[in-house]
Amino acid sequence: MSFGEAIKSVFSKYATFSGRARRSEFWYFFLFNFLVSFVLRLIPHFSIVSGLWALAVLIPSLTVMTRRFHDIGKSGWTYLYFLIPSLLFISYWFYLIFQYISAGYDLDAESVAAIITANSSASLISCILLLVSLIAFIIFIVLMAHDSQPGENKWGPNPKEVQSENNSGND
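Reading guide: rules and limits
- Numbers given to residues run from 1 along each chain, matching the order in which its sequence is written.
- Note on the predicted model: pLDDT of at least 70 is required for a residue's local features to be given, and 80 or more for side-chain atom pairs to be given and counted; whole-chain, interface and lining totals, by contrast, use all residues.
- Only heavy atoms go into the side-chain values, all of them from the structure, while hydrogens and water stay out.
- Labels follow the DSSP assignment, with helices taken as runs of H or I lasting at least four residues and strands as runs of E lasting at least two, numbered in each case from the N terminus.
- Only protein chains enter the accessibility calculation, which uses a 1.4 Å probe; a residue is then buried when its area is under 20% of its type maximum, exposed when over 50%, and partly exposed in between.
- Note on contacts: a residue pair is in contact if any heavy atoms of the two residues lie within 4.5 Å.
- In short, Shrake-Rupley with a 1.4 Å probe defines the accessible areas, and a residue's cover is counted only from the protein chains shown.
- We count a salt bridge whenever a side-chain nitrogen from Lys or Arg sits within 4 Å of a carboxyl oxygen from Asp or Glu.
- To estimate the expected span of a helix, count its residues, drop one, and scale the result by 1.5 Å.
- Note on terminology: a nonpolar core comprises buried Ala, Val, Leu, Ile, Met, Phe, Trp, Tyr and Cys residues joined through side-chain atoms within 4.5 Å.
- Between N-to-C directions, angles cover 0 to 180 degrees, with each direction set by a line fitted to C-alpha atoms, over the stretch in contact for helices.
- Throughout this description, any angle smaller than 35 degrees is read as roughly parallel, any larger than 145 degrees as roughly antiparallel, any in the 65 to 115 degree range as roughly perpendicular, and the remainder as oblique.
- Lys, Arg, Asp and Glu make up the charged group, whereas Ala, Val, Leu, Ile, Met, Phe, Trp, Tyr, Cys and Pro make up the nonpolar group; the residues left over, Gly among them, are polar.
- Under the pairing criterion, centres of Phe, Tyr and Trp rings, with the six-membered ring standing for Trp, must be within 6.5 Å; the plane angle then separates stacked pairs below 30 degrees from edge-to-face pairs above 60, leaving the rest tilted.

Asks: I'd like a rundown of the overall build of the protein, residues and numbers included.
Replies: A count of helical and extended segments in the protein gives eight helices and zero strands. Overall, the protein shows an N-to-C arrangement of helices and strands of α-α-α-α-α-α-α-α. Per-residue burial for the protein yields a buried fraction of 31% across its 171 residues. Contacts in the protein between residues at least 24 apart in sequence constitute 71% of all its contacts with a sequence separation of at least 6. When the accessible surface of the protein is split by element, carbon and sulfur atoms take 69% of a total near 10900 Å².

Asks: Lay out the pattern of salt bridges with the relevant residues and their values.
Replies: Under the definition given, this model contains four salt bridges. R23 is the salt-bridge partner of D147, the closest N and O atoms lying 3.4 Å from each other. Residue D147 is located in the loop between α7 (120-145) and α8 (159-169), and its partner R23 is located in helix α2 (residues 23-42); the two are separated by 124 residues in the primary sequence. The class for R23 is partly exposed, based on a relative accessible area of 33%. Among the salt bridges present, the one from D71 reaches R68, with a minimum N-O distance of 2.6 Å. Of the two residues, D71 and R68 both sit in helix α4 (residues 58-71), three residues apart, roughly one turn of that helix.

Asks: Please provide a residue-by-residue account of α4, values included.
Replies: Counted at 1.5 Å a residue, the expected span for α4 with its 14 residues is 20 Å, and the 20 Å between its end C-alpha atoms agrees. The buried fraction of α4 is high, at 10 of 14 residues. Directly beyond the C-terminal end of α4, a positive phi value near 90 degrees is found at G73.

Asks: I'd like to hear about the nonpolar core, residue by residue, with values.
Replies: Generally speaking, a soluble globular protein has its nonpolar side chains buried in company with each other. By size, the foremost hydrophobic cluster in this structure holds 17 residues, and its most contacted members are F69 and F140. Going through the elements one at a time, α1 (3-12), α2, α4 and α7 are the ones with two or more residues in this core. Examining the composition of this core, we find that four residues originate from one element, α7, more than from any other. With near-sequence residues (within four places) excluded, F69 lies in contact with K74, S75, G76, T78, Y79, F82, F140, L143 and M144.

Asks: An account of the packing of α1 against α2 is requested, with residue identities and associated values reported.
Replies: Running from N to C, α1 and α2 point in directions that differ by 90 degrees, and their axes come no closer than 8 Å. Of the possible angle classes, the one that applies to α1 and α2 is roughly perpendicular. Contacts between α1 and α2 pair F3, A6, I7, S9, V10 and F11 from the former with S24, E25, Y28, F29, L31 and F32 from the latter. The residue makeup of the contact of α1 with α2, split by class, is nine nonpolar, two polar and one charged.

Asks: Give a description of the side chain of N33 that names residues and reports values.
Replies: Following the sequence through the fold, N33 ends up in helix α2. Note on N33: relative accessible area 17%, which makes it buried. Apart from the residues lying within four places of it in its own chain, the contact partners of N33 are W53, V57 and S61.

Asks: Give a description of the packing of aromatic side chains that names residues and reports values.
Replies: Counted under the stated rule, the structure contains 18 aromatic pairs. When the centroid spacing of 5.4 Å and the interplanar angle of 75 degrees are considered together, the rings of W27 and F30 count as edge-to-face. Of this pair, W27 and F30 are both found in helix α2, three residues apart, which corresponds to roughly one turn of the helix. Using a relative accessible area of 27% as the deciding quantity, one classes W27 as partly exposed. Judged by relative accessible area, which is 46%, F30 ranks as partly exposed.

This is the structure:
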């Protein structure tokens, strides 16, 4: 699947969580989204457009990721295993910052960092949650790089095999 075909496929299946997606479809869309986001962030005063882009590709990103999980024989809900550690890490930091603010301190990055690093339990919990998040991210990348599950699975036929059958019929 070419770069253009992958982008077209993802947007044509905008909200389709069923079926399977090849590696190329997932990674080309990931690259496309990264490049567009990068360019939008470089343009001054385009933060609103960048935010709108992120919202516009949220659903297609989730659908192509779900279909990619299906392609390797996993449920789309598997993503929660990778999302939860990151959400816990972010939630814990929000909790610490709100505690700091409610104690009446001014909010600046140096003060917050100094308070958190002085609190050994907060530092330990932060490090553990960050480590678990990084491990989950690495496992996610490895899974997204896996080859398609051969043959048909409960989410449908292998898209690589279907495409190769279509190409051989055109000869």
